[in-house]
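Structural characterization, general
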Amino acid sequence: MATHRESATGDKTMEKISIKNLNGQGTTLSAIIYFPEGFDGNQTYPALVVSHPGGGVKEQTAGLYAQHLAKHGLVTVAYDASYQGESSGEPRQLENPHVRTEDVSAVIDYLTTQPYIDAERIGAMGICAGGGYSANAAINDPRIKALATVSAVNIGQMFRNGWDNTVSDADASPLLAMGSQSRTSDAGNADLATLPLAPMRKEDAPNAELAEAWEYYHTPRCEHPNAPGFMTARSLNQIITYDAYHKAEAFLTQPVLTVVGDAAGSKWMSDDLLERAASADKQMHIVKGANHMSLYDVPEYVEEAVAALAPFFGRTL
């Protein structure tokens, strides 16, 4: 796997790296690796893979949590998903959940080659859809020894059942048809059809919580030129039938921590993860006053989340 890095010792705190994904898609992931204070390349450390939300990039909330958790003795990696950000792959902004799950394992592949990483102490966490993908990766890949999520979203559930779980599976059939229609139109056009992952305009938001999603991605609060906020509409064919928690009842045996705001419309997806996980060590930390989006970057809520995450990974890794 092609990578590039320098030796890291002493006051080195971060480095940009490239990771060739060997999972069959031919993509190369762009990532930032964060080192604990006083890092010594001759020692071994626990590691954590941090996955960004749907429509996000490593420079936003994933990088924020990665930086915070590196201060607690972990080597952390925030990366751009295949087809997104600075990672390679065509078509751009494809949100294929199966590939996004494989991306987590590709980062772990990289970590296992590094002499300063203890391969028996690798964890995964993610925010929003990144939390769902991290859960799916933990189900598939027992090299992940502990799992945590922040404002978890099972992207298949969200598109099938709605933000607040008020839509039946069968009623999502039109979205499958939309995905197929988009594939047909894409086949004859250079410009692929797209669909917002967060409201592109404030007035498009159905509620105040999702208006905050518009604010996060499309205002100076946390906008980034590599995070346009939409996906290819053809992604719907993979998303609608995807279950990030598939077979959690049998194979999600690692320790699990979910962090969720008590005002989050998406909380039901964290509840579902804990209910379905086979793990005997599973818990939820509820942040009072926080909604889904405020856990991305509001300092007081992020600090409380990290105060739960750091000891969890300290205990389980």
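Keep in mind it's a predicted model, so treat the numbers as computed, not measured.

With that settled, consider the overall build of the protein. Check the secondary structure of the protein and you find 11 helices and 12 strands. The C-alpha atoms of the protein give a radius of gyration of 18 Å, which matches the 20 Å a tight globule of 317 residues would have. Projected onto the principal axes, the alpha-carbon positions of the protein cover approximately 55 × 45 × 40 Å. Counting all 317 residues of the protein, 58% fall into the buried class. Sequence separation of at least 24 residues holds for 72% of the intrachain contacts in the protein that already meet a minimum separation of 6. For the protein, the computed accessible surface area is about 12400 Å², with 50% contributed by carbon and sulfur atoms. Taking the average place of the 23 positive charges on the side chains of the protein and the average place of its 38 negative ones, the gap between the two points comes to 3 Å.

When glycine is set aside, most residues are seen to have a negative phi, and most peptide bonds are trans. Cis peptide bonds are those with omega within 30 degrees of zero, and the linkage from Glu90 to Pro91 qualifies with 0°. The topology assignment puts Pro91 in the loop between β6 (75–79) and α2 (97–112). For Asn165, which is not a glycine, the phi torsion comes out positive at approximately 60°. On the basis of relative accessibility, which here comes to 40%, the residue Asn165 falls in the partly exposed class. The phi angle at Lys247 is positive, at roughly 65°, despite the residue not being glycine. Turning to its location among the elements, Lys247 is positioned in the loop between α7 (236–239) and α8 (248–251).

The rules behind these values
Throughout, a residue's number is its position along its own chain's written sequence, starting from 1. Reporting in this predicted model follows two pLDDT cut-offs: at least 70 for local features of residues, and 80 or more for side-chain atom pairs to be given and counted; totals over whole chains, interfaces and linings ignore these cut-offs and use all residues. By convention in this description, side-chain values take in all heavy atoms of the structure and omit both hydrogens and water. Labels follow the DSSP assignment, with helices taken as runs of H or I lasting at least four residues and strands as runs of E lasting at least two, numbered in each case from the N terminus. The atom set for the radius of gyration is the C-alpha atoms, and the globule formula is 2.2 Å times the number of residues raised to the power 0.38. Only protein chains enter the calculation, and the probe is 1.4 Å; a residue is then buried if its accessible area is under 20% of its type maximum, exposed if over 50%, and partly exposed in between. Only heavy atoms matter for contacts: two residues are in contact if any of them lie within 4.5 Å across the pair. Computed with the Shrake-Rupley method and a 1.4 Å probe, the accessible areas treat only the protein chains shown as cover for residues. Lys and Arg are tallied as positive, Asp and Glu as negative. Neither His nor the chain termini are counted. Taken as the charge location is NZ of Lys, CZ of Arg, CG of Asp or CD of Glu.

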